[in-house]
Amino acid sequence: MSLFLSIEGGDGAGKSTQAELVMIHLKASGVDALLVHEPGGTDFGEQVRRLVKGDVERCPMSELFLFEAARAQLVQDVIRPALEAGRVVVTDRYADSSLAYQGFGRGLDLTDVHALNHAATGGLMPDATVLLDISPEQALARVDGSDGSEGRTDDPKQVRFEQEPIEFHRRVTEGFRALASAEPERWFVVGASATPDAVAEKVWSIVSNLLVLRGINRNA
Ligand code: TYD
């Protein structure tokens, strides 16, 4: 039995760190797991990633199509085969990011975003989604290091979303919260302003419960 888990949240919420920590726990527990991230994870997806994170002008709908194109490739080439082989798949962002960013953030019709998500994924949705919830002010201070942390050292030409105005990030954050409240059986909301280790402990308690519920074998 496989498990498909997505990790969602705004920029600077700590998704990549938490996804890596979950993988360490999964491997230590003897679970065969695969980590992917969106956009990316295939040759095609990595090229789309550079394009969407760059500053080439685009309208919201063409931006949505780019994310969906990368997603379709990733689902077909990587996620579905891994799930069919019985592996646990953890994804750092998935279809809900398009609803939050292109729907709530950019103002595209949510019905359109849902329809394109469905087309790109063939209806494959995660069994569970962890929302790392943090205020955009705090998250963006992490990204630029103004909270005293190291900050990120991203390529300055690849920061399209981080440079959006704070109002955009507020809509994205509220969007994620609305998605989580609309589907509480799938979403697990974790406050992400604590230390990475404290957040990781909460995330692992959620994931380890899911493994038990699905009867996935663990050595530990
Ligand atoms: P990335 O460096 O992966 O950011 P993060 O570490 O915050 O995930 O860049 C991906 C950016 O693309 C991120 O700002 C969110 C955005 N995005 C969308 O707008 N829509 C989507 O469907 C996805 C998957 C990502």
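Before reading further, recall that the structure is shown in the block above.
A brief report on the enclosed structure follows. (Residues numbered from 1 in each chain as written. Predicted model: local features only at pLDDT ≥ 70, side-chain atom pairs only at ≥ 80, totals over all residues. Heavy atoms only, no water.)

### Overview of the side chain of R71
- On the secondary structure map, R71 appears in helix α3 (residues 60-84).
- Under the relative-accessibility criterion, R71 is labelled buried at 1%.
- Not counting the four nearest positions on each side in its chain, R71 is found in contact with E38, Y94, A95, S98, N117, A120 and T121. (Helix = DSSP H or I, 4+ residues; strand = E, 2+ residues; numbered from the N terminus. Buried < 20%, exposed > 50% of the residue type's maximum accessible area, 1.4 Å probe, protein only. Contact = heavy atoms within 4.5 Å.)

### Focus: the sheet that holds strand β3 (residues 88-92)
- If you trace the five strands from one edge of the open sheet to the other, you get β2-β3-β1-β4-β5, paired in parallel fashion. Unpaired on one side and paired on the other, β2 (33-37) and β5 (187-191) mark the two borders of the sheet. For this sheet, the mean angle separating the axes of adjacent strands, direction not counted, is 20 degrees.
- Against the sheet, helix α7 (residues 166-182) engages β1 (3-8), β4 (128-133) and β5, with an angle of about 145 degrees to β4.
- Strands in contact with helix α8 (residues 196-213) are β1, β3, β4 and β5; relative to β5, the strand with the most contacts, it is inclined by about 160 degrees. (Pairing = 2+ DSSP bridges. Axes fitted to C-alpha atoms, helices over the stretch in contact; angles between N-to-C directions.)

### Focus on helix α4 (residues 95-105)
- Most of α4 is tucked away, with 10 of its 11 residues classed as buried.
- Taken as a whole, α4 has its buried residues at A95, D96, S97, S98, L99, A100, Y101, Q102, G103 and G105.
- Contacts made by the buried residues of α4 are with β1, α3, α5 (110-121), β4, α7 and β5.
- Where α4 ends, the next residue or the one after it, G107, has phi of about 90 degrees, a positive value.

### Observations regarding the pattern of salt bridges
- In the structure shown here, the tally under the stated rule is 15 salt bridges.
- Between E63 and R106 there is a salt bridge, with its nearest N and O atoms 2.8 Å apart. With E63 in helix α3 and R106 in the loop between α4 and α5, the pair connects residues that are 43 residues apart, well separated along the chain.
- Residue classification places E63 among the buried residues on the basis of a relative accessible area of 1%.
- Residue R170 pairs with E167 through a salt bridge whose shortest N-O separation is 3.9 Å. Residue R170 and its partner E167 are both found in helix α7; the two are separated by three residues, about one turn of the helix.
- Take R170: its relative accessible area is 38%, and that puts it in the partly exposed class.
- When salt bridges with common partners are traced through the structure, they connect E57, R58, E63, R106, R160 and E164 into a single cluster. (Salt bridge = Lys/Arg side-chain N within 4 Å of Asp/Glu carboxyl O.)

### Regarding the pairing of β3
- Where burial is concerned, most of β3 is hidden: five out of the five residues are buried.
- Here β3 shows two buried faces, one formed by V88, V90 and D92 and the other by V89 and T91.
- Pairing analysis gives five bridges linking β1 to β3, with the strands arranged parallel. The residue of β3 that forms the bridge with I7 is D92.
- Relative to β3, β2 runs parallel, the two sharing five bridges. Across the sheet, A33 pairs through a bridge with V88, a residue of β3.

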